[in-house]
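Examining the three-dimensional arrangement
One letter stands for each residue in the lines below.
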Amino acid sequence: MSAPAAALRLRIFPRFEGRITLFLGLAVLLFFVLLAVFAPLIAPYDPIYQDGTARLQAPGWAHPFGTDNFGRDILSRVIWGTRVDLQIAVLGVIFPFVIGTTIGTVAGYFGGVVDAVFMRIVDVVLAFPYLVLIIAIIAILGPGLKSFYIALALVGWVSYARLIRAQILVLKTADFVLAARSLGYSHRRIMFRHLLPNALVGSIVFSMSDTVLVLLGGASISFLGLGVQPPTAEWGIMVSEGQGFITRAWWMPTFPGLAILALSFGFSLVADGLGEWLEGRK
Amino acid sequence: MHRYRFVLFRPLQFLPVIFGISVLTFVLVRLIPGDPARMLLGTRATASAIEKVRAQYGLDEPIWLQYFYFIKNLAQGEMGRSIVYKTDVLKLIATRIEPTLVLVLGSVLLALLIAVPMATLASRRRGTMADQGVRVVSTLGLGMPSFWIALMLMIVFSVNLDWFPVSGYGRSVSDKAVHMVLPCLTVALSLSAILTRSLRASLIAQINSDQATAARARGLPEGAVFWRHVMPNALIPTLNLLAVNIGWLIGGTVIVESVFAIPGMGQLLVRGIFSRDYMVVQAVAMTFAVATVLVNFLADILTVAADPRVKL
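Source: prediction; values computed, not measured.

Residue and element names in this part refer to chain A. Within this numbering scheme, the UniProt entry marks residues 20–43, 86–110, 117–141, 147–164, 195–228 and 248–271 as carrying the feature "transmembrane region" (unreviewed entry). With 92% helix and 0% strand, residues 117–141 has its two end C-alpha atoms placed 26 Å apart. With 85% helix and 0% strand, the stretch residues 195–228 has end C-alpha atoms that lie 39 Å from each other.

Here it is in structure tokens:
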């Protein structure tokens, strides 16, 4: 390849690369959304129907992913599990995002005592092992998905608060803020209508990669028996149920785990692609 | 030497954080429903027996007074007695700290052994198939739940190949080492994904930096430029990332210890939460939190030592 062509390719490649990554990720997510929406039509069996004659069957034509110790079809359970795990990934990020962004914006904008107090709280929460804090809060509230969401909201906001605060601290010295203030706009209007939209990009990219952490966290919590309760089909529980059968039925933990991996991969691709694309646009 | 002055003053900033941690732990553990005395004695215990146990562990005092005693004991180097194990909490931790320490250090070492070659390959052959391969592998690594990696490793290496034991910890040093291979590998696989991505990005930035160009201009071969100038500078942000992730790492050991049935601190903590063993939960959570703060402090010192421009 001649030198100018190589240079041209180098210049264009990163922009395309970001888009390809983004579209691949979105395709994976779309696949799982369709799976969740049309689960009743796609799944070949009832996810909680126990077929006593078909226990622990290896993957084959009748059951592509095999069956579990109750004779339930693992493929159908993985498909139905999409509904629960997709919900965990989305809801588990929205609450911390909204709370953290609000607190971070207010703290960064006003500074002083408000800022100092919130940032010390952030320090304390960050000094704790993330999962341990979540487990402790769920122990207080009782096992279940609702407790998991509340625990996430109480713990997860700190990262978002930190991110947005750092942005606001830089942006609030900009001329457009001075202009808005001289026009007599209220603090609330300046914070949420002028500063926030300019500061949000980094948080949105982070929220996409945070989805992966939340998804893994939710599955871990269910794995420990603190999240989704049986017989609901959820990937983390399914892996946990397979733990006792690793010597006899490798397919029991393997396929639900692969589903977690695939969905996480989709979210990671979207995060990477979005990040690269926004970087390229600057 | 004034660049190192923060080593003296930074610990003062830890005090409010550690105070906050102690309050948070104390309040959280007491919010967990269930009475430790009743948990201990069972459902058929008489009211007077429960009263006696409550008095013995100071559980009948008002909560602020309990906190005061907790801090007072802490100042004297005591963490109280475990209600379930009936021993001094610090002694209990001393017997449990080794497996967790081995797990954390072993997996960090293993993760670096995986991440450094991968990131080196990706950054030196940027844009090639090798780079794309490293990217895909590390992105997949990010999405693997640790408990699932653990089970997959068990199926392959314990059940089918019979190389390593399925779970447990062992007694002799060599026995322990054999038991810890799979747990360390489990954590290292997730951790190396994070480290590889970060290291690749900072290596690429450093390869194109002015100081690397200057080294090349002095006639240094590319290999020397890379290992003497690029790699040391690129490792600093990655080691900092490792320090920031130490809390995540410790949380991960809780899961891995539970899957592999390793008698470590994480297992002690989770069991403590479920048996309402207040003193154990407080002590373990405090130890974890203080360790997190200290590791971040060490990372700061390391950064200052490695980079003369940094002032903290």
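Let's shift gears to the interface of chain A and chain B. Each partner contributes residues to the interface: chain A has 42 residues there, and chain B has 44 residues. Interface area for chain A against chain B, summed over the two sides, is near 3700 Å², with a carbon-plus-sulfur share of 80%. If you sort the residues of chain A by the area they bury against chain B, F128(A), I140(A) and I246(A) come out on top, with a joint share of 16%. Taken together, chain A and chain B are joined by two salt bridges. Between D272(A) and R197(B) there is a salt bridge, with the nearest N and O atoms lying 2.7 Å from each other. Viewed at the interface, chain B and chain A are joined by five residue pairs in polar contact (both at pLDDT 80 or more). The dominant element in the side of chain A that touches chain B, judged by the number of residues it contributes, is helix 10 (residues 251–281) of chain A, at 11 residues. Across the side of chain A that touches chain B, the residue classes break down as 29 nonpolar, nine polar and four charged.

Here the focus is the packing of aromatic side chains. All names here are of chain A. Enumeration according to the criterion identifies 15 aromatic pairs over all chains in this entry. A ring pair is formed by F97 and Y160, whose centres lie 5.4 Å apart and whose planes are at 70°; its orientation type is edge-to-face. Separated by 63 residues along the polypeptide, F97 in helix 3 (residues 74–110) and Y160 in helix 6 (residues 145–171) bring together distant segments of the chain. Here the aromatic residues F65, W250, W251 and F255 are joined through ring pairs into a cluster of three or more.

Right, let's get into the UniProt feature "transmembrane region" (unreviewed entry) in chain B. All names here are of chain B. Taking the numbering used here, the UniProt-annotated feature "transmembrane region" (unreviewed entry) corresponds to residues 12–32, 101–122, 134–157, 177–196, 241–263 and 283–306. Between the end C-alpha atoms of residues 101–122 the distance is 31 Å, and the span holds 100% helix and 0% strand. Across residues 134–157, helical content stands at 88% and strand content at 0%; the span's end C-alpha atoms are separated by 24 Å.

Along its 26 residues, helix 1 (residues 6–31) of chain B runs 37 Å from first to last C-alpha, staying within 8% of the 38 Å computed at 1.5 Å per residue. Those residues of helix 1 of chain B that are buried are in contact with helix 4 (112–127) and helix 5 (130–141) of chain A together with helix 4 (63–75) and helix 13 (278–306) of chain B.

Residue and element names in this part refer to chain A. Within the structure shown, the criterion is met by nine salt bridges over all chains. In this structure, the salt-bridge partner of E241 is R77, at a minimum N-O distance of 3.8 Å. Highlighted residues: E241 in helix 9 (residues 235–242) and R77 in helix 3, separated in sequence by 164 residues. On the basis of relative accessibility, which here comes to 0%, the residue R77 falls in the buried class. Here R162 ties to D123 by a salt bridge, and the two come within 3.6 Å at their closest N and O atoms. Of this pair, R162 sits in helix 6 while D123 sits in helix 4; the two residues are 39 residues apart in sequence, bridging distant segments of the chain. Taken together, the shared-partner salt bridges in this structure form one network comprising R72, R77 and E241.

All right, on to the domain arrangement of chain B then. Residues and elements named next belong to chain B. Looking at the assigned domains, one finds that chain B contains domain 1 (9–75) and domain 2 (96–306). Once you take the C-alpha centre of each, domain 1 and domain 2 turn out to be 34 Å apart. Tallying the contact residues gives 20 residues for domain 1 and 15 residues for domain 2. Between domain 1 and domain 2, roughly 1600 Å² of surface is buried when both sides are summed, and carbon and sulfur atoms account for 78% of that area. Interface area lost by domain 1 to domain 2 is led by F14, V29 and I32, which between them contribute 27%. Our count for the domain 1 to domain 2 interface comes out at zero salt bridges. Along the contact surface separating domain 1 from domain 2 lie one residue pair in polar contact (both at pLDDT 80 or more). Here the side of domain 1 that touches domain 2 takes 11 residues from helix 1, the largest share from any one element. Its residues assigned to classes, the side of domain 1 that touches domain 2 comprises 15 nonpolar, three polar and two charged.

This part is about the UniProt feature "domain: ABC transmembrane type-1" (unreviewed entry) in chain B. On the UniProt side, "domain: ABC transmembrane type-1" (unreviewed entry) is annotated at positions that read residues 97–299 of chain B here. Taken end to end, residues 97–299 of chain B comprises 84% helix and 0% strand; its first and last C-alpha atoms sit 22 Å apart.

A few words now on empty space enclosed by the protein. Tallying each qualifying case throughout the model produces two cavities of 30 Å³ or more. Its boundaries defined by the atoms lining it, the largest cavity holds a volume of some 80 Å³. Along the walls of the largest cavity sit F128(A), V132(A), L133(A), A136(A), T25(B), L28(B), V29(B), I32(B), L269(B), I273(B), V281(B) and A285(B), which together make up its complete lining. Taken together, the elements giving at least two residues each to the lining of the largest cavity come down to helix 5 of chain A together with helix 1, helix 12 (265–274) and helix 13 of chain B. Of the residues assigned to the lining of the largest cavity, the class counts are 11 nonpolar, one polar and no charged. Residues from two domains meet in the lining of the largest cavity; each of domain 1 (9–75) and domain 2 (96–306) of chain B gives at least three. For the second largest cavity, the calculated volume is near 30 Å³. In terms of lining residues, the second largest cavity is bounded by D68(A), I74(A), R77(A), M238(A), E241(A) and M252(A). Of all the secondary structure elements, the ones that give two or more residues to the lining of the second largest cavity are helix 3 and helix 9 of chain A. For the lining of the second largest cavity, a count of residues per class yields three nonpolar, no polar and three charged.

Another aspect to go through is the nonpolar core. Counting residues in hydrophobic clusters, the biggest one holds 143 residues, and the most contacted among them are F148(A), F147(B) and V259(B). No other element matches the 13 residues that helix 13 of chain B contributes to this core. Each of domain 1 (9–75) and domain 2 (96–306) of chain B accounts for three or more of the residues forming this core. Residue contacts for V259(B): discarding those within four places in its chain leaves F223(A), Q243(A), F147(B), A150(B), L151(B) and M154(B).

Cut-offs applied
Residues numbered from 1 in each chain as written. Chains lettered and ligands numbered in written order. Predicted model: local features only at pLDDT ≥ 70, side-chain atom pairs only at ≥ 80, totals over all residues. Heavy atoms only, no water. UniProt positions renumbered as here; feature names shortened; annotations may be inferred. Helix = DSSP H or I, 4+ residues; strand = E, 2+ residues; numbered from the N terminus. Contact = heavy atoms within 4.5 Å. Buried area = accessible area lost by both parts, 1.4 Å probe. Salt bridge = Lys/Arg side-chain N within 4 Å of Asp/Glu carboxyl O. Polar contact = N/O pair within 3.5 Å; in protein donor to acceptor, adjacent residues only side chain to side chain. Nonpolar A, V, L, I, M, F, W, Y, C, P; charged D, E, K, R; others polar. Phe/Tyr/Trp six-rings, centres within 6.5 Å; stacked < 30°, edge-to-face > 60°. Expected span 1.5 Å × (residues − 1). Buried < 20%, exposed > 50% of the residue type's maximum accessible area, 1.4 Å probe, protein only. Domains from an automatic or database assignment. 1 Å grid on protein atoms, 1.4 Å probe; cavity = no way out; pocket = protein on both sides within 12 Å on 5 of 7 lines; lining within 4 Å. Points joined across faces, edges and corners; volume = space filled by probe spheres on them. Core = buried A, V, L, I, M, F, W, Y, C linked by side-chain atoms within 4.5 Å.

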